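One-letter residues, chain by chain:
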Amino acid sequence: MPPTPLRALALGLLLAGHGSPALGTPPTPGCDVCAAWNADQAPFRIFGNTYYVGVKGLSSVLITSPQGHVLIDGGLPESAPKIIANIGALGFRIEDVKLILNSHGHIDHAGGLAELQRRSNALVAASPSAALDLASGEVGPDDPQYHALPKYPPVKDMRLARDGGQFNVGPIKLTAHATPGHTPGGLSWTWESCDGPRCLNMVYADSLNAVSRPGFKFSASSEYPNAVDDLRHSFETLEKLPCDVLISAHPEASQLWERLEASATAGSEAFVDPQACHAYVAAARTLLEARLEQEKQQ
C-alpha cells in the first residue's frame, strides 16, 4: 500500500541529511532534501485574503489586510527570496508585512525568518521554546532532531506566543495553539478568512510527525520525557479546532497540491474540507503508533 502523504514525508525526513540555490542565496549544506523542498512554486489564493506564497515543499502563508499583512513561516534560508518574490507577484509588498508567525524552530520553517524580518521590519512571534531556537539559530537538546539539523541565521527581535494567545493586524485576528511533540515548542495557528459574506475557519497546522535523530526514542527520552504525551495532546487539540481549510507546514501532508489541481475547475471550494484536520491527525497518530512499536523492538 502506498504511504500516506504524512508517512511519506516522515520517511523523507528520516532519510535526508538535512541545498538549492535561490536567487543568489547559497543552499543549505548537508541537506539532501532541501533542493526539492525549495523548488519554485507559483503563489496562489487559497480562500478570501489567505494566499500560499511558499516554495514547493515548505508552506508559507500570507494573510492580507489594508492595515498590513501577516506571514506564517519562512522556509529555509534560501526560501526567503522566493517568498518575497511570490508576495510581490500577487501584488503585495514584503514591506507591508507587519507580523511573522512561526510554527516551530527547525531550519525548514524558521531558516528564512531573519531575512524576511530584515526586509519587512515585521514583528516575529514564536512559542517560548521555539524563540530560544530562533535566537540561537539551532534547536535545543530537548528537540528530537537536536544536532541533526544545520544552523540558520538567528532572529534578533521576537515576541512570545503562548497557547491561546492572540495577535492582531488590522482586522486579522490569529490565535496560537500549542501543538508540541514534533518539537517541544510547536504551534499551530487559526484565523478567519472571508470571501464576501462567506467566512471560513482557517488552520495552519504544525508538523505532528514522530521523526527524530538516530538514537532518540519518543517512548524513553530523558531530554524530552513528555514527547509522546505532547503528541497525543496535540492530536486532540487539532481534532477539536473548527477547521474548514487546512494548510500544513509541509503542504503535501494536507493534500494541498491535489486541492490546487482541483481548484482549476472547482475554484476555492477545492480547498474546503471540514474533515481535513481529522484526516491529518489520523495519519500522524498512525505514524506515532508505528514508531512506538518500532521502538519496542530496539
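Scroll up to find the structure.
Keep in mind that what you see is a predicted model, and the values were worked out from it rather than measured.

**Q** Go over the pairing of strand β8 (residues 166-169) with me, naming the residues and quoting the values.
**A** Only one face of β8 is buried, namely the one carrying Phe-167 and Val-169, since none of Gln-166 and Asn-168 on the opposite face is buried. If you look at the hairpin formed by β8 and strand β9 (residues 172-178), you'll find 2 residues sitting between the two strands, and Gly-170 has a positive phi there, around 55°.

**Q** Lay out the nonpolar core in plain terms, naming residues and giving numbers.
**A** Judged by nonpolar contacts, the single largest core of 32 residues is most densely connected at Leu-71, Ile-87, Val-97, Ile-100, Leu-116 and Leu-134. Broken down by secondary-structure element, the contributors of at least two residues to this core are α2 (34-37), α3 (80-89), β5 (97-101), α4 (107-110), α5 (113-120), β6 (123-126) and α6 (128-136). Per element, the largest residue contribution to this core is 4 residues, and it comes from α3. The residues contacting Val-97, other than those within four sequence positions of it, are Leu-62, His-69, Leu-71, Ile-87, Ser-120 and Ala-122. In this structure, Ile-72, Ala-161, Leu-174 and Phe-271 belong to the second largest nonpolar core, which totals 30 residues.

**Q** With reference to specific residues and values, describe helix α9 (residues 276-296).
**A** In a regular helix each residue adds 1.5 Å, so 21 residues correspond to 30 Å; α9 covers 31 Å between its end C-alpha atoms and thus fits that length. For α9, every residue scored as buried is listed here: Ala-276, Cys-277, Tyr-280, Val-281, Ala-283, Ala-284, Leu-287, Leu-288, Arg-291, Leu-292 and Glu-295.

**Q** Now, about the packing of α3 against α5: what can you tell me, with residues and values included?
**A** Interaxial distance between α3 and α5 falls to 9 Å at its minimum, and their mutual angle equals 45°. Taken as axis vectors, α3 and α5 run oblique relative to one another. For the pair α3 and α5, the contacting residues are Ala-80, Ile-83 and Ile-84 in the first and Glu-115, Leu-116 and Arg-119 in the second. Residue composition of the contact of α3 with α5, by class: 4 nonpolar, no polar and 2 charged.

**Q** Before we move on, could you go through the packing of helix α7 (residues 227-240) against α9 and cite the residues and values that matter?
**A** To describe two helices that pack against each other, one gives the angle between their axes and the distance between the axes. Where α7 contacts α9, the two axes come as close as 9 Å, and the packing angle between them is 165°. Classified by the angle their axes make, α7 and α9 are roughly antiparallel. Handedness of the crossing formed by α7 with α9: left-handed. The segment α7 lies against α9, with Val-228, Leu-231, Arg-232, Phe-235, Leu-238 and Glu-239 engaging Cys-277, His-278, Tyr-280, Val-281, Ala-284, Arg-285, Leu-288, Glu-289 and Leu-292. Class assignment for the residues of the contact of α7 with α9 results in 10 nonpolar, 1 polar and 4 charged.

**Q** Quick one: what's the story with the state of the cysteines, residue by residue and with numbers?
**A** Throughout this description, disulfide means a covalent bond between two cysteine sulfur atoms. If you walk through the whole model with that rule in mind, you get 2 disulfides. Residue pairing for Cys-194: its cysteine sulfur links by disulfide to Cys-199, the two sulfurs lying 1.9 Å apart. The chirality of the disulfide connecting Cys-194 with Cys-199 is right-handed, given an S-S dihedral of about 105°. Residue pairing for Cys-243: its cysteine sulfur links by disulfide to Cys-277, the two sulfurs lying 2.2 Å apart. For the disulfide bridge between Cys-243 and Cys-277, the dihedral angle about the S-S bond is near 80°, and by the sign convention the bridge is right-handed. Separated by 34 residues along the polypeptide, Cys-243 in the loop between α7 and β12 (245-248) and Cys-277 in helix α9 bring together distant segments of the chain. Note on accessibility: Cys-243 and Cys-277 belong to one class, buried.

Reading guide: rules and limits
- Residues numbered from 1 in each chain as written.
- Predicted model: local features only at pLDDT ≥ 70, side-chain atom pairs only at ≥ 80, totals over all residues.
- Heavy atoms only, no water.
- Buried < 20%, exposed > 50% of the residue type's maximum accessible area, 1.4 Å probe, protein only.
- Helix = DSSP H or I, 4+ residues; strand = E, 2+ residues; numbered from the N terminus.
- Pairing = 2+ DSSP bridges.
- Core = buried A, V, L, I, M, F, W, Y, C linked by side-chain atoms within 4.5 Å.
- Contact = heavy atoms within 4.5 Å.
- Expected span 1.5 Å × (residues − 1).
- Axes fitted to C-alpha atoms, helices over the stretch in contact; angles between N-to-C directions.
- Parallel < 35°, antiparallel > 145°, perpendicular 65-115°, else oblique.
- Nonpolar A, V, L, I, M, F, W, Y, C, P; charged D, E, K, R; others polar.
- Left-handed = near helix turned anticlockwise from the far one by under 90°.
- Disulfide = S-S within 2.5 Å.

In short, shape yes, function no, at least from these values alone.
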